[in-house]
Structures are given as structure tokens and as C-alpha cells.
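# Observations on the three-dimensional arrangement
Chain by chain, the residues run as shown.
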Amino acid sequence: DAKTTQPNSMESNEEEPVHLPCNHSTISGTDYIHWYRQLPSQGPEYVIHGLTSNVNNRMASLAIAEDRKSSTLILHRATLRDAAVYYCILIEGAQKLVFGQGTRLTINP
Amino acid sequence: GAGVSQTPSNKVTEKGKYVELRCDPISGHTALYWYRQSLGQGPEFLIYFQGTGAADDSGLPNDRFFAVRPEGSVSTLKIQRTERGDSAVYLCASSLNRWHTEAFFGQGTRLTVV
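To keep things clear, this report deals only with the structure shown in the data block. (Residues numbered from 1 in each chain as written. Chains lettered and ligands numbered in written order. Predicted model: local features only at pLDDT ≥ 70, side-chain atom pairs only at ≥ 80, totals over all residues. Heavy atoms only, no water.)

## A look at the side chain of B:His29
Position of B:His29 among the secondary structure elements: in the loop between strand 3 (19-24) and strand 4 (31-37). B:His29 has contacts with B:Arg69, B:Gly72, B:Ser94, B:Ser95, B:Leu96 and B:Phe104, leaving out every residue within four places of it along the chain. (Helix = DSSP H or I, 4+ residues; strand = E, 2+ residues; numbered from the N terminus. Contact = heavy atoms within 4.5 Å.)

Have a look at this one:
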């Protein structure tokens, strides 16, 4: 399975944008980039996914580098409810999500 | 129901006993996944079903673990001769077909082996 590298933790302030980085230098051409998050005592929750182009949805934006070796999840205006562990995951023919350690995001009021 | 349902939410069992964990996926979802998560770790893949068959069981740690999905909907994860190291949160997820669509996770079953 292709590997991703994320910072262990990040901190931001409420109502400010948050940029969560993910490095995936060994990504292959058919790997999709998925982001999930896990709130305390909850199962993981889908956030967004993309292949090559930047993607936007109601929760977040995904910015994918031109060479696809890195991506950034953008929360445009963080709220306290966004405090969670964020996982960046690559998926291809393996047909399964392989979770790493993720980034623990803390939001300060 | 609207989401993935897992029962029980908590299970305490004695070492050496047999346990069954149940997952009710979202209606119409053909893909179903089991994960387990230890404290402070990311979820660890166990097994994936497409319909009734196990498409990938490479994550099952040993032959004490077994999962079934006989009618292509509800799935049961079975653990024989439980050990203290099996204590974890067991998560189930379902998706419409494969991972390139959104996967929905249940709240998990917290298994404690004493």
C-alpha cells in the first residue's frame, strides 16, 4: 500500500482557516487521495476525495499538487466541532482504506 | 436505520470465551468492511466483503477471527478463544460499491477481554 506522511498534531484557532498537509511521494497514477476524520468516541467520517484536480464540498477543500506527491486539506473556517484526528489515505486496486496515525487537530476557542 | 449500526456497543468477556459482533450496514450497500482500533492508533483493516463473499481477508490476525455475511447485508465478526490483546474498538463500515465512493462507519463495538 502506498504510504502517506502527516504531522502528528496541529493547532488552530476557531473561525480561522486550517491547512492540513499530507505527503505521498510514492503515489501511483491510479491512487485516489481520500481524507477521513475521527471525532472523539466516534467512527471515522468521510471528508473528501480526489484524483488530480482540486475538489470542494460543503465540509472542506482538497488541494492536490501538480505532481500529486502532496495534498492539503483545507478547512475554511474552523469550528470547535472540527477538532478530530484527520487521516490522509491513498486507495487503488487494493480496495481498502489503510489508515496511518493521522493528524490530531486541536481548535482553540 | 439511516446509518451503519453495530451491536453491542460494549462487550466485556472473559479470556478464552467466544464473542460475536454484529454489523448492520446501510441498506443497498454491497461493500462491507471490518476494522479494529486500539487506543491512540488508527483503525486497522481486518476484512472486506463484496456482497456475500470475502474479497480481502488479509487483515485477520489469526484463525481465531472469522467473519460472515451470508445474505449480503448483515455481517458478524466472530472471535474464538478471546485473549486480552483482542481488547479494542471494532469498527464496521459500508459503501455503495467500492472505496471510490464514500464509506460510512458505525460507532463501533468496544470489546474488553478480562
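## Comments concerning the interface of chain A and chain B
Of the residues lining the interface, 18 residues belong to chain A; the matching set on chain B comes to 21 residues. For the pairing of chain A and chain B, the buried interface totals around 1700 Å² over both sides, and the portion due to carbon and sulfur atoms is 50%. In this assembly, chain A and chain B are joined by zero salt bridges. Linking chain A to chain B there are four residue pairs in polar contact (both at pLDDT 80 or more). Sorting the residues of the side of chain A that touches chain B by element identifies strand 3 (32-38), strand 4 (45-50) and strand 8 (84-91) of chain A as the ones contributing at least two each. Broken down by element, the residue count for the side of chain A that touches chain B peaks at four residues, all from strand 3 of chain A. For the side of chain A that touches chain B, the class distribution of residues is nine nonpolar, eight polar and one charged. (Buried area = accessible area lost by both parts, 1.4 Å probe. Salt bridge = Lys/Arg side-chain N within 4 Å of Asp/Glu carboxyl O. Polar contact = N/O pair within 3.5 Å; in protein donor to acceptor, adjacent residues only side chain to side chain. Nonpolar A, V, L, I, M, F, W, Y, C, P; charged D, E, K, R; others polar.)

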